[in-house]
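# Fold and contact review
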Amino acid sequence: MDHALPARIRLLREVAEAVTREVIAPQAERVDRDAAWPEQSLRALGEAGLLGLTVPRHAGGEGEGLEGLLAVTEAIGRGCASSALCYAMHCVAAAVIAAKATPYQRERYLEPIAAGRHLTSLSLSESGVGSHVYLSETELRRDGGDFVVDGLKQFVTSGGHADSYVVSTMSSATDAEPGEFSCLVVDADAPGVSFLEPWQGMGMRGNSSRGLLLEGARVPLENLLGEEGDQVWYVFDIVVPYFLTAMSATYLAVARSALELTVHHVRERHFSHTGSALADAPVLQDTVADMWARVEKTRHLVYHAARLGDAGDVDALPTILMSKADVAETAVSVTNDAMTLCGGAAYRENAQLARLLRDARASHVMAPTTHTLRQWAARSILGRPLL
Ligand SMILES: Cc1cc2nc3c(=O)[nH]c(=O)nc-3n(C[C@H](O)[C@H](O)[C@H](O)COP(=O)(O)OP(=O)(O)OC[C@H]3O[C@@H](n4cnc5c(N)ncnc54)[C@H](O)[C@@H]3O)c2cc1C
């Protein structure tokens, strides 16, 4: 399948592979153990010129779409899933900023992102609406030359570490329909912005998915993205395809790493009483073949979805929706089987496979969740309104 990647994406992926090999993978065990945000990983990705992946070329970026995001994030995820998710959320937020960027936003955000000097992230989730992230209860009102924002966001990737956050809010219009929301860029050092306690997740422990408290936060009017309340194009044109592709890449990498570790372990593990390896047991061979097929099918689906999305194909939406649901099933089932095949070695505290199993579990609950994705895909196929 690699031969189908355009040459420019292959080159970008090679850069990501080198950074992963030299900087990201060696940090992964510590990042997980200490729940440490992977600062060196993100800095190295910036120095390698990869922070501007989804920034348009006219603003100094690579101008990549879904397939580029998939290939680069997958390469990073092979070394550290937390680093991949922080990078992915940055790229998604950058794509949201870029979609309708004004000249001010281009100079203030996109150019520094492309130069590797600015990290951003996506802040949609709230506890009230849970996984229904297309709704928002965060309040927005105008006050002179500023917006004033009040609300509590949860699970903000790179929380407390990024330079800015793309935040969803209600529309400030008094006659707004329920569910109409706006997006704006909130600087980390804006007055009224603070973060809740550090993230201690079961998995994705380097993600710093903290709560973001906006208490009368003042944000310049120029930081509004698009028009007020125009959530529909954000959700289905930008957020959904980029967000889902980025997550598919991360969890596909988790599944591939688990498969690779399993193959290595069952080949190397020999019994003293027979001299044979685990790899010689037919029942385990059967499971390995099944794991391999699940990973390959998912990988093909995910790349196919990204290509359809980049081409603007009419079938892109259900394919992208179901590819993230499929990745979640594969990542959880393959890491689970890997734990069984690798026996006691995998069950050690902080073993690499145990980390992958914990990381994989986040895939189903990261919105849009697997339940939501199945419903949206079915409605899209059946010609029903998605929301
Ligand atoms: C590691 C990690 C990183 C994250 N990073 C970000 C980020 O960067 N930015 C961000 O905005 N958010 C982020 N999130 C948040 C995430 O996207 C979800 O919003 C959050 O996990 C939802 O949690 P919840 O417990 O409120 O879900 P709930 O809404 O309570 O859902 C719980 C379960 O019920 C199901 N469910 C809920 N409603 C229905 C229904 N009507 N019908 C059927 N099933 C339903 C869901 O599918 C889910 O399985 C992150 C989460 C994690 C775990």
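About the thresholds
- Residues numbered from 1 in each chain as written.
- Predicted model: local features only at pLDDT ≥ 70, side-chain atom pairs only at ≥ 80, totals over all residues.
- Helix = DSSP H or I, 4+ residues; strand = E, 2+ residues; numbered from the N terminus.
- Buried ≥ 20, exposed ≤ 12 C-beta atoms within 10 Å, placed from the backbone.
- Contact = placed C-beta atoms within 7 Å.
- Near = placed C-beta within 6 Å.
- Nonpolar A, V, L, I, M, F, W, Y, C, P; charged D, E, K, R; others polar.
- Domains from an automatic or database assignment.
- Expected span 1.5 Å × (residues − 1).
- Core = buried A, V, L, I, M, F, W, Y, C linked by C-beta atoms within 7 Å.
- Pairing = 2+ DSSP bridges.
- Axes fitted to C-alpha atoms, helices over the stretch in contact; angles between N-to-C directions.

## Observations regarding the overall build of the protein chain
When helices and strands are tallied, the protein chain shows 11 helices and eight strands. On the principal axes, the C-alpha backbone points of the protein chain span a range of 80 × 45 × 40 Å. Here the protein chain, with 387 residues, has 52% of them falling under the buried criterion. When contacts within the protein chain are restricted to residue pairs at least 6 apart in sequence, long-range pairs at least 24 apart make up 74% of them.

## Things to note about the site of the ligand
The full set close to the ligand counts 23 residues, and S125, G130, F155, T157 and T369 are the nearest of them. Elements with a minimum of two residues in the shell around the ligand: strand 1 (120-123), strand 3 (146-156), helix 10 (352-365) and helix 11 (370-382). Per-element accounting of the shell around the ligand gives the leading share, three residues, to strand 1. Of the residues in the shell around the ligand, the class split is 11 nonpolar, 12 polar and no charged.

## Some thoughts on the domain arrangement of the protein chain
Segmentation of the protein chain into domains returns domain 1 (2-119), domain 2 (122-229) and domain 3 (232-382). On a C-alpha basis, the centres of domain 1 and domain 3 stand 21 Å from each other. In this complex, domain 1 contributes 21 residues to the contact, which on the side of domain 3 involves 26 residues. Among the secondary structure elements, those contributing two or more residues to the side of domain 1 that touches domain 3 are helix 1 (7-34), helix 3 (66-77) and helix 4 (81-99). When residues of the side of domain 1 that touches domain 3 are assigned to their parent elements, the largest contribution, nine residues, is made by helix 4. Class assignment of the residues belonging to the side of domain 1 that touches domain 3 gives a composition of 12 nonpolar, three polar and six charged.

## Comments concerning helix 7 (residues 282-311)
With 30 residues, helix 7 extends 43 Å between its outermost C-alpha atoms, agreeing within 8% with the 44 Å of an ideal straight helix rising 1.5 Å per residue. Among all positions in helix 7, only V288, M291, V295, T298, R299, L301, V302, Y303, A305, A306, L308 and G309 are buried. G312, located one to two residues past helix 7, shows a positive phi value of around 65°.

## Topic: the nonpolar core
Ranked by size, the top nonpolar core spans 124 residues in total, and within it A88, V92, V96 and I97 carry the most contacts. Ranked by residue count, the leading element in this core is helix 6 (residues 231-268), at 19 residues. Those residues in contact with A88, other than ones at most four positions away along the chain, are T73, A246, M247, A249 and T250.

## Here we look at the environment of V167
Position of V167 among the secondary structure elements: in strand 4 (residues 164-170). Looking at V167, the number of C-beta atoms within 10 Å reads 30, which means it is buried. Counting along the chain gives 18 residues from V167 to V149, while the straight-line C-alpha distance between them is 9.7 Å. Among all residues touching V167, those that are not within four sequence positions of it are S123, T138, V149, K153, C183, L184 and V186.

## Section: the pairing of strand 1
Residues T120 and L122 of strand 1 are buried on one face, and the alternating residues S121 and S123, pointing to the opposite face, are buried as well. Pairing of strand 1 with strand 4 involves four bridges; the strand directions are parallel. The residue of strand 4 that forms the bridge with S123 is V167.

## Some details on helix 1
If you check helix 1, its first and last C-alpha atoms are 38 Å apart, about what 28 residues at 1.5 Å a residue would give, namely 40 Å. By the burial criterion, the buried members of helix 1 are I9, L12, R13, A16, V19, T20, V23, I24, Q27, A28, V31 and D32. In the core, the buried residues of helix 1 are packed alongside helix 2 (39-47), helix 3, helix 4 and helix 10. Trailing helix 1 by a residue or two, A35 shows a phi angle of about 50°, which is positive.

## Some points on the sheet that holds strand 3
Taken together, four strands build an open sheet; the order of strands is 2-3-7-6 and the sheet is antiparallel. Whereas interior strands pair on both sides, the edge strands pair on one side only; in this sheet they are strand 2 (139-143) and strand 6 (193-195). For this sheet, the mean angle separating the axes of adjacent strands, direction not counted, is 15°. Where strand 6 and strand 7 (residues 210-220) come together, three bridges link them in antiparallel fashion. Note on strand 7: the bridge partner recorded for V193 is L214.

## Structural notes on the sheet that holds strand 8 (residues 224-225)
Pairing is mixed across the open sheet formed by four strands, whose spatial order is 1-4-5-8. Looking at strand neighbours, the two that pair on one side only are strand 1 and strand 8, the edges of this open sheet. Two elements, strand 4 and strand 5 (residues 181-187), share seven bridges in a ladder whose sense is antiparallel. For T169, the partnering residue across the bridge sits in strand 5 and is S182. Lying on the sheet, helix 4 is in contact with strand 1, strand 4, strand 5 and strand 8; it crosses strand 1 at an angle near 85°.

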